[in-house]
Amino acid sequence: MRAIIHEGKTGRGGLSYGEITKPEPAAGEVRVKLKTAGLNHRDLFVLNRHKPKEPALVIGSDGAGIIDAVGEGVTNVKAGDEVIINPGLGWKENSDAPPAGFEIVGLPFHGTFAEYIVIPAENAAPKPAYLTWEEAGVLSLAALTAYRALFTRGKIKAGIKVFIPGIGGGVATFLMQFAKAAGATVYVASRSQEKCQKALELGADKALDSNEDWNEALAGEKVDLVIESVGPATFNKSLGILRNGGTIVTFGSSSGDQLELNLRSLFYAQQNLLGSTMGSAEEYHEMLQFIEKHEIRPVLDQALPLEQFEQAFNKIENAEQWGKIAFNISE
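Here the residue numbers are simple positions, counted from 1 along each chain's written sequence. Confidence filtering applies because this is a predicted model: local features only for residues at pLDDT of at least 70, side-chain atom pairs given and counted only at 80 or more, and all residues used for totals across whole chains, interfaces and linings. Side-chain descriptors were evaluated using all non-hydrogen atoms of the structure, hydrogens and water having been removed beforehand.

Considerations on the side chain of glutamine 177
Piece 1. Strands here are runs of E lasting at least two residues and helices are runs of H or I lasting at least four, both read from the DSSP assignment and numbered beginning at the N terminus. You can see glutamine 177 is positioned in helix α3 (residues 170-181).
Piece 2. The contact definition used throughout considers only heavy atoms, calling two residues in contact when any of these lie within 4.5 Å. Residue contacts for glutamine 177: discarding those within four places in its chain leaves Leu202, Ile296, Arg297 and Val299.

Here it is in structure tokens:
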């Protein structure tokens, strides 16, 4: 089968579009003929985690398609079913943190940037009927990350004020859509005036320039909940507009991992600092119910053939996308 393969070199130098053996499902597994897949920042990170001496790896964590083969003992799905892939492996019930052995499709196991993928049958969920294949193919990883950060960790409620810096990426756009659907007032920030404008058109209540003084822009108004994924570039500014007793949830650090934090201001203000990443299968199915109830559609930047992966990687690496980038794999 054709696939995007990583081998031989660390980073993007090890990426190629080529052929690899088509997988066969074992007991409890299914094979999905992929129609679409979605690009995530994670697909950049795994290129440095997958080592040159390790076997060739098909990358990619998001995808949707049609089951074309089932392994022994599979009863929950059948050949011909239209499915969307839950990329989380080994985290079933909602819990404080992932269990030991939790993994994500695309490293260490083969991922979705291919014509076929084999996954545990329980990771194949019915495709929401109202979504296009491109929308379904980009949904899972970012939407699940947003759902856990906002609902499980952030405990969002109707009427609160939520702030999302770094609007434009896949998770951030889901956060904005989910928070609005939950009845919150939503403020966002970006360095790009174009992204700020698009966020306002999509429903944001206020959009701030990442480079301006946020306290001045909000005239001293504070927010109840911040969902942070930018890291050092915005983290302390985010804390500065968080109310006393408010909560900041972080799930990413696109501007770096090391942060200088004034602990005294944090504990005097009795603010809550929480980490989050991905989510359980239980939360995944809750998320699907939520998006179907509110008919939420992923924001699509563009869709490309799989062989044009370099163009897609350039765009996400330079943070030029608005929403999600999809790959079309089969008709």
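Considerations on helix α4 (residues 193-202)
Piece 1. Relative accessible area decides the class of each residue, using a 1.4 Å probe on protein chains only: under 20% of the type maximum gives buried, over 50% gives exposed, and in between gives partly exposed. Within the span of α4, buried status applies to Lys195, Cys196 and Ala199. One side of α4 holds all its buried residues, which, seen down the axis, span an arc of 105°. Every exposed residue of α4 that faces more than 90 degrees away from the buried side is listed here: Gln193, Glu194 and Glu201.
Piece 2. Summarising the contacts, the buried residues of α4 are in contact with α3, β12 (185-190) and β13 (206-209).
Piece 3. In this structure serine 192 caps α4, since a side-chain oxygen of it lies 3.3 Å from the backbone nitrogen of glutamate 194.
Piece 4. Positioned one or two residues after α4, glycine 203 has a phi angle of 130°, which is positive. This arc corresponds to the set of directions leading from the helix axis out to the C-beta atoms. Any N or O atom pair separated by 3.5 Å or less is treated as a polar contact, with the protein-specific requirement of one donor-capable and one acceptor-capable atom, and with residues adjacent in sequence counted only for side-chain atom pairs.

Overview of the pattern of salt bridges
Piece 1. Between Lys or Arg on one side and Asp or Glu on the other, a salt bridge is scored when a side-chain nitrogen of the former is within 4 Å of a carboxyl oxygen of the latter. For the structure on display, the rule yields 14 salt bridges.
Piece 2. Salt-bridge contacts for glutamate 19 lead to arginine 2; the nearest nitrogen and oxygen are separated by 3.7 Å. Of this pair, glutamate 19 sits in strand β2 (residues 15-19) while arginine 2 is found in strand β1 (residues 2-6), placing the two residues 17 residues apart along the sequence.
Piece 3. We classify glutamate 19 as exposed; its relative accessible area is 62%.
Piece 4. Here glutamate 122 and lysine 92 are joined by a salt bridge, their closest N and O atoms 3.8 Å apart. Taken as a pair, glutamate 122 in the loop between β9 (116-120) and β10 (124-126) and lysine 92 in the loop between β7 (88-89) and β8 (103-104) lie far apart in primary sequence, 30 residues in all.
Piece 5. Looking at lysine 92, the relative accessible area reads 48%, which means it is partly exposed.
Piece 6. In the salt-bridge network here, residues are joined through shared partners; they are Arg12, Glu310 and Glu317.

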